[in-house]
Amino acid sequence: MYTFLSLSFHLEKRKKNQLLQLLLENLGQTIIPDLGSLESQHDFRTPEFEEFNGKSDSLFFNDGQRRIDFVLVYEDESRKETSKKGTNEKQRRKRQAYESNLICHGLQLEATRSVLDDKLVFVKVHAPWEVLCTYAEIMHIKLPLKPNDLKNRSSAFGTLNWFTKVLSVDESIIKPEQEFFTAPFEKNRMNDFYIVDRDAFFNPATRSRIVYFILSRVKYQLINNLSKFGINRLVNSGIYKAAFPLHDCKFRRQSEDPSCPNERYLLYREWAHPRSIYKKQPLDLIRKYYGEKIGIYFAWLGYYTQMLLLAAIVGVACFLYGYLNQDNCTWSKEVCHPDIGGKIIMCPQCDRLCPFWKLNITCESSKKLCIFDSFGTLVFAVFMGVWVTLFLEFWKRRQAELEYEWDTVELQQEEQARPEYEARCTHVVINEITQEEERIPFTAWGKCIRITLCASAVFFWILLIIASVIGIIVYRLSVFIVFSAKLPKNVNGTDPIQKYLTPQTATSITASIISFIIIMILNTIYEKVAIMITNFELPRTQTDYENSLTMKMFLFQFVNYYSSCFYIAFFKGKFVGYPGDPVYWLGKYRNEECDPGGCLLELTTQLTIIMGGKAIWNNIQEVLLPWIMNLIGRFHRVSGSEKITPRWEQDYHLQPMGKLGLFYEYLEMIIQFGFVTLFVASFPLAPLLALVNNILEIRVDAWKLTTQFRRLVPEKAQDIGAWQPIMQGIAILAVVTNAMIIAFTSDMIPRLVYYWSFSVPPYGDHTSYTMEGYINNTLSIFKVADFKNKSKGNPYSELGNHTTCRYRDFRYPPGHPQEYKHNIYYWHVIAAKLAFIIVMEHIALLPRLGHSGMILAHCNLCLPVDCYMCYKFIYEIRFLEQLTSDFTDSIIYFICQ
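Residues numbered from 1 in each chain as written. Predicted model: local features only at pLDDT ≥ 70, side-chain atom pairs only at ≥ 80, totals over all residues. Heavy atoms only, no water.

In the nomenclature of an unreviewed UniProt entry, the chain is known as Anoctamin of Rhinopithecus roxellana. Quoted straight from UniProt, the Sequence similarities (unreviewed entry) entry for the chain says "Belongs to the anoctamin family." (UniProt positions renumbered as here; feature names shortened; annotations may be inferred.)

J.: Report on the overall build of the chain, specifying residues and quantitative values.
T.: Summing up its helical and strand segments, the chain has 28 helices and 19 strands in all. Looking at the chain residue by residue over its 897 residues, the buried ones come to 51%. Across the chain, every contact between residues at least 6 apart in sequence was considered, and the portion connecting residues at least 24 apart equals 78%. For the chain, the exposed surface amounts to about 43800 Å²; the carbon and sulfur share of it is 60%. (Helix = DSSP H or I, 4+ residues; strand = E, 2+ residues; numbered from the N terminus. Buried < 20%, exposed > 50% of the residue type's maximum accessible area, 1.4 Å probe, protein only. Contact = heavy atoms within 4.5 Å. Areas by Shrake-Rupley, 256 points an atom, 1.4 Å probe, with all protein chains shown as cover.)

J.: Break down the packing of aromatic side chains for me, citing the residues and quoting the values.
T.: One pass over the full model with this rule turns up 59 aromatic pairs. Relative to Phe673, the ring of Phe391 has its centre 5.8 Å away and its plane inclined at 45°; by these criteria the two rings are tilted. Placement of the pair is Phe391 in helix α13 (residues 375-406) and Phe673 in helix α22 (residues 661-678), with a sequence separation of 282 residues. Pairing Phe782 with Tyr807 gives two aromatic rings, centres 6.4 Å apart and planes at 80°, and the pair type is edge-to-face. In this pair, Phe782 is assigned in strand β18 (residues 779-783) and Tyr807 in strand β19 (residues 804-808), connecting sequence segments 25 residues apart. Each member of the pair, Phe782 as well as Tyr807, is classed as buried. One Lys or Arg, Lys124, reaches over the ring of Trp648 and ends 4.3 Å from the middle of that ring. Above the face of the Phe213 ring, Arg217 is positioned so that its terminal group lies 3.9 Å from the ring centre. (Phe/Tyr/Trp six-rings, centres within 6.5 Å; stacked < 30°, edge-to-face > 60°. Lys NZ or Arg CZ within 6 Å of the ring centre and 35° of its normal.)

J.: Which residues make up the nonpolar core, and what values do they have?
T.: One finds Trp271, Trp300, Tyr304, Trp387, Phe391, Phe675 and Phe679 to be the most contacted residues of the largest nonpolar core, which totals 159 residues. Of the residues forming this core, the biggest block, 15 residues, is contributed by helix α10 (residues 292-324). Those residues within four positions of Trp387 in sequence are excluded, and the remaining contacts are Tyr304, Met307, Leu308, Ala311, Phe673 and Thr677. If you look at the next biggest cluster of nonpolar residues, it comprises 42 residues, including Tyr98, Leu102, Leu215 and Ile231. (Core = buried A, V, L, I, M, F, W, Y, C linked by side-chain atoms within 4.5 Å.)

J.: So what about the side chain of Ser780? Which residues, and what values?
T.: Checked against the element boundaries, Ser780 lands in strand β18. Here Arg811 takes part through its backbone nitrogen, which lies 2.9 Å from a polar atom of the side chain of Ser780. Among all residues touching Ser780, those that are not within four sequence positions of it are Cys805, Arg806, Tyr807, Asp809, Phe810 and Arg811. (Polar contact = N/O pair within 3.5 Å; in protein donor to acceptor, adjacent residues only side chain to side chain.)

J.: Please set out the pairing of strand β3 (residues 108-113) residue by residue, giving values where relevant.
T.: Two elements, strand β1 (residues 48-49) and β3, share two bridges in a ladder whose sense is parallel. Counterpart to Glu48 in the pairing with β3 is Glu110. Direction of pairing for β3 relative to strand β4 (residues 120-126): antiparallel, over a ladder of six bridges. Within β4, the residue paired with Glu110 across the bridge is Lys124. Adjacent in sequence and paired antiparallel, β3 and β4 are bridged by six residues. (Pairing = 2+ DSSP bridges.)

J.: An account of unusual backbone geometry is needed here, citing residue identities and associated values.
T.: Each neighbour pair has its own omega, and for Pro761 with Pro762 the value is 15°, a cis peptide bond. With a phi close to 55°, Asn262 is a non-glycine residue in the positive phi region. Relative to the helices and strands, Asn262 is located in the loop between β9 (242-244) and α8 (263-272). The phi dihedral of Leu538 falls on the positive side, at around 60°, and the residue is not glycine. The exposure class of Leu538 is buried, given its relative accessible area of 8%.

J.: Could you give an account of the UniProt feature "transmembrane region" (unreviewed entry) in the chain, naming the residues involved and the relevant values?
T.: Sites flagged by UniProt as "transmembrane region" (unreviewed entry) map to residues 297-324, 375-395, 458-485, 505-526, 553-571, 669-692, 726-746 and 824-846. Span residues 375-395 is 100% helix and 0% strand, its end C-alpha atoms 30 Å apart. In this annotation, residues 553-571 is assigned 95% helix and 0% strand; the end-to-end C-alpha distance for the span is 25 Å.

J.: Requested: an account of the pattern of salt bridges, with residues and values cited.
T.: Considering all chains together, one arrives at 31 salt bridges under this definition. The salt bridge involving Lys187 is made with Glu130; its shortest N-O contact spans 3.2 Å. Residue Lys187 is located in the loop between β6 (180-184) and α5 (198-201), and its partner Glu130 is located in helix α3 (residues 129-138); the two are separated by 57 residues in the primary sequence. It is possible to trace a salt-bridge network through shared partners that takes in Glu177, Glu263 and Lys288. (Salt bridge = Lys/Arg side-chain N within 4 Å of Asp/Glu carboxyl O.)

J.: With reference to specific residues and values, describe the state of the cysteines.
T.: Counting across every chain of the model gives three disulfides. What pairs with Cys336 in a disulfide is Cys363, and their sulfur atoms sit 1.9 Å apart. A torsion of 100° about the S-S bond marks the disulfide between Cys336 and Cys363 as right-handed. Residue Cys336 is found in helix α11 (residues 330-336), and its partner Cys363 is found in helix α12 (residues 363-372); the two are separated by 27 residues along the sequence. With a relative accessible area of 12%, Cys363 lands in the buried category. Residue pairing for Cys347: its cysteine sulfur links by disulfide to Cys805, the two sulfurs lying 1.9 Å apart. In this structure the cystine formed by Cys347 and Cys805 twists about its S-S bond by roughly 90°; its chirality is therefore right-handed. Separated by 458 residues along the polypeptide, Cys347 in the loop between β10 (345-346) and β11 (357-358) and Cys805 in strand β19 bring together distant segments of the chain. For Cys347, a relative accessible area of 4% translates into the label buried. Cys249 takes part in no disulfide bond, and the closest cysteine sulfur, belonging to Cys260, lies 4.9 Å away. Its relative accessible area of 1% is what places Cys249 among the buried residues. (Disulfide = S-S within 2.5 Å.)

J.: Before we move on, could you go through α13 and cite the residues and values that matter?
T.: For α13, which comprises 32 residues, the first-to-last C-alpha distance of 46 Å matches the rise-based estimate of 46 Å (1.5 Å per residue) to within 8%. Positive phi appears at Asp407, one or two residues downstream of α13, with a value of about 60°. (Expected span 1.5 Å × (residues − 1).)

J.: Please give an account of the environment of Gln326 that cites residues and values.
T.: Counting through the fold element by element, Gln326 comes out in the loop between α10 and α11. Given a relative accessible area of 23%, Gln326 falls into the partly exposed group. A C-alpha to C-alpha distance of 8.8 Å links Gln326 and Leu369, two positions 43 residues apart in sequence. Every residue in contact with Gln326, bar those within four places of it in the chain, is listed here: Lys367, Cys370 and Ile371. A distance of 3.4 Å separates the side chain of Gln326 from the backbone oxygen of Tyr323, its partner in a polar contact.

J.: I'd like a rundown of the sheet that holds β3, residues and numbers included.
T.: Strand order in the open sheet made by the five strands is β1-β3-β4-β2-β9, with mixed pairing throughout. The open sheet has two free edges, formed respectively by β1 and β9, since each of these has just one partner strand. Its contacts with the sheet place helix α6 (residues 204-215) against β2 (70-75) and β4, and it is angled at close to 45° to β2. (Axes fitted to C-alpha atoms, helices over the stretch in contact; angles between N-to-C directions.)

J.: Residues and numbers for the packing of helix α19 (residues 542-570) against α22, please.
T.: Contact pair α19 / α22: the axes reach a minimum separation of 11 Å and the direction vectors enclose 40°. Judged by the sense of rotation from one axis to the other, the crossing of α19 with α22 is right-handed. Judged by residue contacts, Leu549, Thr550, Met553, Phe554, Gln557, Phe558, Tyr561, Tyr562 and Cys565 of α19 engage Phe663, Leu667, Ile670, Ile671, Gly674, Phe675 and Leu678 from α22. Looking at the contact of α19 with α22, its residues break down into 13 nonpolar, three polar and no charged. (Left-handed = near helix turned anticlockwise from the far one by under 90°. Nonpolar A, V, L, I, M, F, W, Y, C, P; charged D, E, K, R; others polar.)

J.: Account for a nonpolar patch on the surface, naming residues and giving values.
T.: A grouping of Ile616, Ile620, Leu624, Leu625, Trp627, Ile628, Met629 and Ile632 is seen on the molecular surface, where their side chains present a nonpolar patch of about 700 Å² in accessible area. Relative to the helices and strands, Ile620 is located in helix α20 (residues 600-636). Taking relative accessible area as the criterion, Ile620 reaches 35% and is therefore assigned partly exposed. (Patch = residues over 30% accessible without salt bridge, like charges linked within 9 Å, V, L, I, M, F, W, Y side chains within 5 Å.)

J.: Please provide a residue-by-residue account of the side chain of Ser58, values included.
T.: For Ser58, the location among the structural elements is in the loop between β1 and β2. The buried category is assigned to Ser58, whose relative accessible area is 12%. Only 3.2 Å separates the side chain of Ser58 from the backbone nitrogen of Phe60, close enough to count as a polar contact.

Laid out in structure tokens, this is it:
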């Protein structure tokens, strides 16, 4: 039954869409005049000018009846202090043509001069009932049919209601919204919809969406068959200074208007205020006030933060395990012991300038490494592989619930083409499926050219990032030689700096800081380039546009932020050869080597600097800059501070969010998600830092939206868009990277192999399993006489004459039949590493398969009851209408006979 109703309804809906599209085109051709040259137009319809009536909280025209749905702001050209009269006149006539066409489309305008600056004019826009109904049908907006009488599902945690009540929003303050069965609006079936009050049938968010839809498509100039249209172009060209919907009240106090719902005040009090930091977010009110797109972002961010709590607890436990057991770290004690590490002479790590050095100068770094490179880290890496899988699967479920609750299941059928796309649709083709004519912006060949150019541009910028990474590597190789020559070669107990500032540490810290600066610079440049490329690509819908931009930006950011971490984790110290036959980078620079304890501590340092620096930089951009800009604006308006200003003027002096404001919020969180998952094996505290950052991020973003920024145009969204497959890709990659970090970057596997196999016979001399002798066993011996001419006779050999030195590798000693070849220990370690990677991947991916099967089995038994009820309700109405019509026809036929 449901399938039949759905199919019949959608077939009729497709026919209706075709008719509505034709109606919209005819409407534009009929109402929008052909402006031609601007000088030929003299009959513009202009808005009426009214004085401010002194009601600062009013959201209506001066008559108190017509609601303000949108506000346009411009600077009166006749009062501008400029000599460019010709330019001002052209801008004035374009604006007059645009406003005239708005009135022709049925919108009502009222203009009011600024109270504080008489050069500014505010044009208030109101959409009457007929306009709202017409465009609600064109935009396929779903509106209430009847109240939802289905019972809500009871919570499985009923015994914990007392606890959840403390965390939940007080329902006496923010009352739950009444639920309805909904359907796409149709004017000819208006009586079927639940219209109790015409003024409340379209809520303010829906009214703003409809008006913005009209503002984005109205033309203002036509020259040589090229149309110029839309409020965005007018704002970008400076003809209008701003265009925005109004906040409903001040955020610190309620409105004096008794009819005002005070939703902004409630959001600030129960969501953005610091005292509400422990409470759940009022997602339904956020969605109602700002739209589904903002709502789904905060729902995702809140869910991600909740899931981080478990990861943070396990991460802190693993960190504490390493910290408390660092004194029992046998291999670190051997490094620091004066009779073991103090007598082990290490080979020079570069040519000519680098000296021989004692192993115990890395004592402090080995102690730190014991904290992060412990058995707890191994457990945490496996846990995070499972956690990231479960997080994505559970989020899919939560997202499906929101689609059901917010009625966005069929959103893709509602979305209209972007006005920029519609304006370029000049080519006519035949649709292969419907066999009907369609207009497209370019041919298949033109589309291929655009895709090729866009892909080439993205590829060029990725190569530019790789070039910058190579530059950082060259810097590392060059400056390491300098630090090795300048820094002390012996540990002096009286100088605490010498204990920590080794050549490896100094090189790592300075390279990380330089890498972070380069990342920020390239990031700022590429943002503009990515927008230009996406605009040239010309996606059809706003969702397609955002998804295309998302993929380009993330691909760039992925290489930009993570390339240095991938280098340290998987390349540094892996292809160095051995002292007698080193590997050279670019044929000139000798490849970097890791500390005797591995590169894990350097990877931790890199993550800490980039992750911490990024968080500080983002907070400066997101909090300080808007606050400072608004503060400067208030100082400029101090002379008129005693005057009563209207609601629209107060909102104008707030900061604009920008069309891509939410995009950058997503990007920031996804980059953080990558740091938390991809390299978490090297830094167990990353989830804790992310948790603290996100708790503040939610409230900071809420504070920005409610207090510092103008109200955004509400937008529909079904899900988080392209970020979902990006997170899935990160999750799969995270399992691999963490397994490889444990296997190839950490020394955990070699230590386990030594403990279980090489510390006891037949390979070891100890009678029981132990870590004693691990350092001596894992450092190979090299004969100084076998140095090539580059290194032999090093002038900085200040530790005396030595016949042998040690280096980090598993090779046979000189004099062995297979000298300097990999020994049996090496092959045991390789086998153990590969086995660990395979086991960890299977452990991490099994929960995904199990959970997906459970959801699939559950969904097969489910029925979208609300959709069924809507379709059944509509079908019954239409059946009765058809039955009545047939009965009437039969009576007429009988009478005529």
